[in-house]
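Structural overview
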There are 2 protein chains.
Amino acid sequence: MSVTIYDLAREAGVGIGTVSRCLNNHPSVSAETRAKVLDVVKRLSYQPHAYAQRLASKKTNTISAIIPFFTNYFFIQVLQGVQDKAAELGFDLILYGVNNPSQAEYYLRRSLQRGHVDGVMFFSMSLPESYVPKFQQIRLPLVLVDAYHPEFDSISVRNLEGATMATRHLLKLGHTNIAMINASLSTQPARDRMEGYRIALAEAGLPFRNDRVFISEIGKQDGFNREAGRASMEDLIGKNSGKDRATAVFIASDVQAMGALEGAAELGVRVPDDLAIVSFDDIELAQHAQLTTMRQPMYEMGVLALEKLFARMKSPDSAPSLTTFLPSLIVRRSCGASVPSEQLV
Amino acid sequence: MSVTIYDLAREAGVGIGTVSRCLNNHPSVSAETRAKVLDVVKRLSYQPHAYAQRLASKKTNTISAIIPFFTNYFFIQVLQGVQDKAAELGFDLILYGVNNPSQAEYYLRRSLQRGHVDGVMFFSMSLPESYVPKFQQIRLPLVLVDAYHPEFDSISVRNLEGATMATRHLLKLGHTNIAMINASLSTQPARDRMEGYRIALAEAGLPFRNDRVFISEIGKQDGFNREAGRASMEDLIGKNSGKDRATAVFIASDVQAMGALEGAAELGVRVPDDLAIVSFDDIELAQHAQLTTMRQPMYEMGVLALEKLFARMKSPDSAPSLTTFLPSLIVRRSCGASVPSEQLV
DNA sequence: TGAACAGTTGGAAGCGCTTCCATGAATATA
DNA sequence: TATATTCATGGAAGCGCTTCCAACTGTTCA
């Protein structure tokens, strides 16, 4: 049927051990023999059987990525980084796209299956605590991306600093009354982004006021969605009159900002003239909507995730590392800065 | 180290054959024995070794998807369909995201590796002819999605009919001078969409005029990109004056339409008042930009792709099937229809 | 001249499973 | 009672590879 190393061995007049050594670039094969064997390999167009190799060598050359679909553009971008690096390192990538935490758990279990994958990447969700010992027991490398756990390698974005940068930008543009639209404070990113906002205000000697923070938790994703953004904006505009009027708002995510833009347009509030906006994430829509926003280096995060996984395979006992990325400010029209410096396109 | 069926067999006081039969729901095991074995399985928290199973059974329970990243939203949507169905059928999905045809070929070869996957899905690119015999020889199931080849199962969208529907919609709104912005005619979709446009015009007794079709091939993807759309729109507007003025345009894709909108805005042409627009694809941006467009059932296509692959595994000898999906008209603001009927959100 | 050693090589064992065949027990049939 | 027939079961063989160990060939050195 298909060509095996036994066929190669017979054809080349050598033993199967020698054939295997040739295929795996083992040093102790004479140049002559190697050439002979490789010639036969080519002639019979031999292809190794992936699973036989994996069974015998106890390495799978495969990793899995558990990643929620709802992150959309983030999903694609980060996946490109992962995929490119995986190809470079010769790994196959099993994709487990999920829509909810219970699906994620299912795939965690599946990834933990003995000999299934050499490593796991877990994205944008908090790791259920019950899986911590399981990964540690079988010593399966795990990297968290856009998430954090002290026991594992993690990669995340510095939400606090990013929020500070965003708010500082509005301050630099002369705004002194800056509101915030946030998502549920039950999530760490929302808390961090609010803290960053608070810090920037404090730096400028401005008070942090609870009545300037608008939070809606309607819809999915703890309020990180379009409808919640819209509701918050309507709320804000309803209360935004008189001399105490906010002239700018920092919005915790681009998707919320998209909804907020709709709400503002509907209520006749012009952006940026009546209200300047800076948000967070730089999803694809942000460019089209001309949102000034904090960009996360998604592709780079994907690449680094795989690098960390690889490093962990090499040295399983090193201490868990945390790498944080500083988001960068992308200036577009929504903040009202005079010279939009869109460099990306 | 890890628990094997030998451990189970010893612990349960049965043979390894019996254990294996229990695990695989083979009928000829007494209920009593089965219960005993399954109890031990649970007690030792046994996990089968994936690759040992695969080597012995000669089935991988894995499929690969070769899919270009540049399709963006299509990518995510269709992948969700694939993933959901794969989970249901118990398959693992190896994702090979690519950015160019040579990467695609690399992964085709990899997928063809003996015993690597049980089936392959190939998206949105034309299959290199040299791979046709390779798949046929080793009888590896292959499904083409958003693509077509007579020798394989294919799923595609009826571009011609979709274009006709789009153009008809503009006609129904009273337009009699309708232009088209297209991409390179070297691609089948571009040809089909133009033919559909032509047919709708003919139905209405209107002439097809070459000077009303604007094609730019700048940038990537044979002109299916933002810059090309913008260039074409600028070209159109430059030539659009006098009584021979086009009042509507059918644009071959949403991404082109996004660029076209920018160009129109810059040149002071209002959409839809001065120029009505209908485009094609219904990517995520389309909703935000309020583009009236032809929606492709992406999720459904993903599900069907996996169903076809599965069917092909069951009966390798049936004739190749082609399924086409009819896109549906999503009415938003860009066409100027009085009552936007956005049902999706 | 013989011992020690490095460089190659062949092939058995083993990875953990599925499957087939032989066997034995239990039941049905003449 | 003797003989089929069915149902469960144990375990060897085999999937295609890697790896280890033994063995064989030359060389080198005392």
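Remember, predicted model here, so these are calculated numbers, not experimental data.

Let's talk about the overall build of chain A
Across its full length, chain A carries 13 helices and 12 strands. For a compact globule of 345 residues, the expected C-alpha radius of gyration is about 20 Å, and chain A comes in at 26 Å, more than 25% above that figure. C-alpha atoms of chain A, sized along the principal axes, occupy 95 × 40 × 35 Å. In chain A, buried positions account for 52% of the 345 residues. Intrachain contacts of chain A at a sequence separation of at least 6 include 68% that bridge at least 24 residues.

What about the nonpolar core?
Ranked by internal contacts, the top residues of the largest apolar core, which has 102 residues, are F75(A) and F75(B). Grouped together as the second largest cluster of nonpolar side chains are 44 residues, A260(A), A286(A), M233(B) and A264(B) included.

Observations concerning the relation of the copies chain B and chain A
In the superposition of chain B on chain A (RMSD 0.1 Å, axial shift 0.0 Å), the rotation amounts to 180 degrees. Here the two chains are linked by the operation of a two-fold rotation axis. Proximity to the rotation axis, assessed at the C-alpha, singles out I94(B) in chain B; its C-alpha lies 2.2 Å from the axis. By residue overlap, the copies meet face to face through one surface: 98% of the interface positions of chain B are interface positions in chain A.

Examining the interface of chain B and chain A
Taken together, the contact pairs 49 residues of chain B with 48 residues of chain A. Considering only the surface of chain B that becomes buried against chain A, Y51(B), R114(B) and H288(B) emerge as the three largest contributors, covering 19% of it. Taken together, the links from chain B to chain A amount to 2 salt bridges. Of the charged contacts in the structure, one is a salt bridge between R110(B) and D92(A), with a shortest N-O distance of 3.1 Å. Put simply, the parts of the chain that give the side of chain B that touches chain A at least two residues each are α4 (50–57), α5 (73–89), β2 (92–98), α6 (101–112), α10 (226–238) and α12 (284–289) of chain B. It is α5(B) that provides the largest number of residues to the side of chain B that touches chain A, a total of 8 residues.

Quick word on the pattern of salt bridges
Opposite charge on two side chains lets them pair, provided their charged atoms get close. Taken as a whole, this structure holds 46 salt bridges over all chains when the rule is applied. Across the pair E203(A) and R168(A) runs a salt bridge, and its minimum N-O distance is 2.8 Å. You can see E203(A) sitting in helix α9 (residues 188–203) and its partner R168(A) sitting in helix α8 (residues 159–172), a full 35 residues away along the chain. For E266(B), the salt bridge identified is with R230(B), shortest N-O distance 2.8 Å. Taken together, the positions of E266(B) in helix α11 (residues 254–266) and R230(B) in helix α10 put the pair 36 residues apart, joining distant regions of the chain. Since its relative accessible area comes to 57%, E266(B) is described here as exposed. By relative accessible area, which is 22% here, R230(B) ends up partly exposed. Bridged by salt links that share partners, the residues R226(A), R230(A), E234(A), E262(A) and E266(A) form one connected network.

So, the packing of helix α10 (residues 226–238) of chain A against helix α11 (residues 254–266) of chain A
Residue and element names in this part refer to chain A. Where α10 contacts α11, the two axes come as close as 6 Å, and the packing angle between them is 45 degrees. Put simply, α10 runs oblique to α11. As for the relative orientation of α10 and α11, their crossing is right-handed in sense. Residues R226, G229, R230, M233, E234 and I237 of α10 touch α11, and the partners they reach there are V255, Q256, M258, G259, A260, E262, G263, A264 and E266.

What about the protein's contact with DNA strand C?
Lining the immediate environment of DNA strand C, one finds 30 residues, of which G15(A), T18(A), T33(A), S20(B) and Y46(B) sit closest. Between a phosphate oxygen of DNA strand C and a side-chain N or O atom of Y46(B), the distance comes to 2.4 Å. Residue H49(B) places a main-chain N or O atom 3.2 Å away from a phosphate oxygen belonging to DNA strand C. Of all elements in the fold, only α2 (16–23) and α4 (50–57) of chain A together with α1 (5–12), α2 (16–23) and α4 of chain B reach the threshold of two or more residues within the surface near DNA strand C. Among the residues making up the surface near DNA strand C, the classes are represented as 12 nonpolar, 14 polar and 4 charged.

Quick notes on the sheet that holds strand β10 (residues 292–295) of chain B
All names here are of chain B. If you trace the 6 strands from one edge of the open sheet to the other, you get β7-β6-β8-β9-β10-β12, paired in mixed fashion. Only two strands of the sheet have a single partner each, and these edge strands are β7 (213–215) and β12 (328–330). Across the sheet, the mean angle separating the axes of adjacent strands is 20 degrees when strand polarity is ignored. In this structure, strand β6 (residues 178–182) lies alongside strand β8 (residues 248–251), joined through 4 bridges in parallel fashion. Bridge pairing links A179 to V249 in β8. Helix-sheet contacts for helix α8 (residues 159–172) involve β6, β8, β9 (276–281), β10 and β12, and the interaxial angle to β9 is about 160 degrees. Here α11 sits on the sheet in contact with β6, β8, β9 and β10, set at roughly 150 degrees to β9.

Some thoughts on the side chain of K85(B)
Residue and element names in this part refer to chain B. By the element assignment, K85 lies in helix α5. The exposure class assigned to K85 is buried, which follows from its relative accessible area of 14%. Each residue touching K85, except ones within four places of it in the same chain, is listed here: V303, L306 and E307.

Describing α2(A)
All names here are of chain A. By the burial criterion, the buried members of α2 are T18, V19 and C22. Down the axis of α2, the buried set is contained in an arc of 100 degrees. They therefore lie on one face. Where the residues of α2 are buried, they touch α1 (5–12) and α3 (31–43). Downstream of α2 by one or two residues, N25 has phi in the positive range, about 55 degrees.

Topic: the confidence of the model for chain A
Do not read the fine detail of predicted coordinates wherever pLDDT is low. For chain A, per-residue confidence averages 91 on the pLDDT scale, and 97% of positions sit at 70 or higher. Note on residues 340–345 of chain A: pLDDT is under 50 here. Beyond four places in sequence and across chains, it has 14 contacts.

Focus: the sheet that holds strand β6 (residues 178–182) of chain A
Residue and element names in this part refer to chain A. One open sheet holds the 6 strands; their spatial order is β7-β6-β8-β9-β10-β12, and the pairing between them is mixed. Sheet topology places β7 (213–215) and β12 (328–330) at the edges, where each strand pairs with a single neighbour. Direction aside, neighbouring strands of the sheet carry axes that sit 20 degrees apart on average. Two elements, strand β8 (residues 248–251) and strand β9 (residues 276–281), share 3 bridges in a ladder whose sense is parallel. Across the sheet, residue V249 finds its bridge partner in β9, namely I277. In the packing of α10 onto the sheet, the strands contacted are β6, β7, β8 and β9, and the crossing angle to β6 comes to about 150 degrees. Along the sheet face, α11 touches β6, β8, β9 and β10 (292–295) and points at about 150 degrees away from the line of β9.

A short note on the packing of aromatic side chains
As enumerated under the stated definition, the model contains 13 aromatic pairs over all chains in all. Centre to centre, the rings of F91(A) and F310(A) are 5.9 Å apart; their planes meet at 85 degrees, and the pair counts as edge-to-face. With F91(A) in the loop between α5 (73–89) and β2 (92–98) and F310(A) in helix α13 (residues 298–314), this residue pair connects regions lying 219 residues apart in the sequence. On the accessibility criterion, F91(A) (8% relative accessible area) is buried. Taking the relative accessible area as the measure of exposure, F310(A) reaches 27% and is therefore partly exposed. Between Y96(A) and Y107(A), the aromatic rings sit 4.2 Å apart at their centres with planes inclined by 10 degrees, giving stacked as the arrangement. Placement of Y96(A) in strand β2 and of Y107(A) in helix α6 (residues 101–112) is noted, with a sequence separation of 11 residues between them. Here Y96(A) matches Y107(A) in class, with each residue buried. An aromatic cluster of at least three residues, connected via ring pairs, comprises Y96(A), Y106(A) and Y107(A). Looking at R193(B), its charged tip hangs above the ring of F280(B), at a distance of 3.8 Å from the centre. Stacked on the ring of F208(B), the Lys or Arg R198(B) has its end atom at 4.3 Å from the ring centre.

What counts and how
Residues numbered from 1 in each chain as written. Chains lettered and ligands numbered in written order. Predicted model: local features only at pLDDT ≥ 70, side-chain atom pairs only at ≥ 80, totals over all residues. Heavy atoms only, no water. Helix = DSSP H or I, 4+ residues; strand = E, 2+ residues; numbered from the N terminus. Rg over C-alpha atoms; globule rule 2.2 N^0.38 Å. Buried < 20%, exposed > 50% of the residue type's maximum accessible area, 1.4 Å probe, protein only. Contact = heavy atoms within 4.5 Å. Core = buried A, V, L, I, M, F, W, Y, C linked by side-chain atoms within 4.5 Å. Least-squares fit on C-alpha atoms with pLDDT ≥ 70 in both. Buried area = accessible area lost by both parts, 1.4 Å probe. Salt bridge = Lys/Arg side-chain N within 4 Å of Asp/Glu carboxyl O. Axes fitted to C-alpha atoms, helices over the stretch in contact; angles between N-to-C directions. Parallel < 35°, antiparallel > 145°, perpendicular 65-115°, else oblique. Left-handed = near helix turned anticlockwise from the far one by under 90°. Near = heavy atom within 4 Å. Polar contact = N/O pair within 3.5 Å; in protein donor to acceptor, adjacent residues only side chain to side chain. Nonpolar A, V, L, I, M, F, W, Y, C, P; charged D, E, K, R; others polar. Pairing = 2+ DSSP bridges. Arc of directions from axis to C-beta. pLDDT = per-residue confidence, 0-100. Phe/Tyr/Trp six-rings, centres within 6.5 Å; stacked < 30°, edge-to-face > 60°. Lys NZ or Arg CZ within 6 Å of the ring centre and 35° of its normal.

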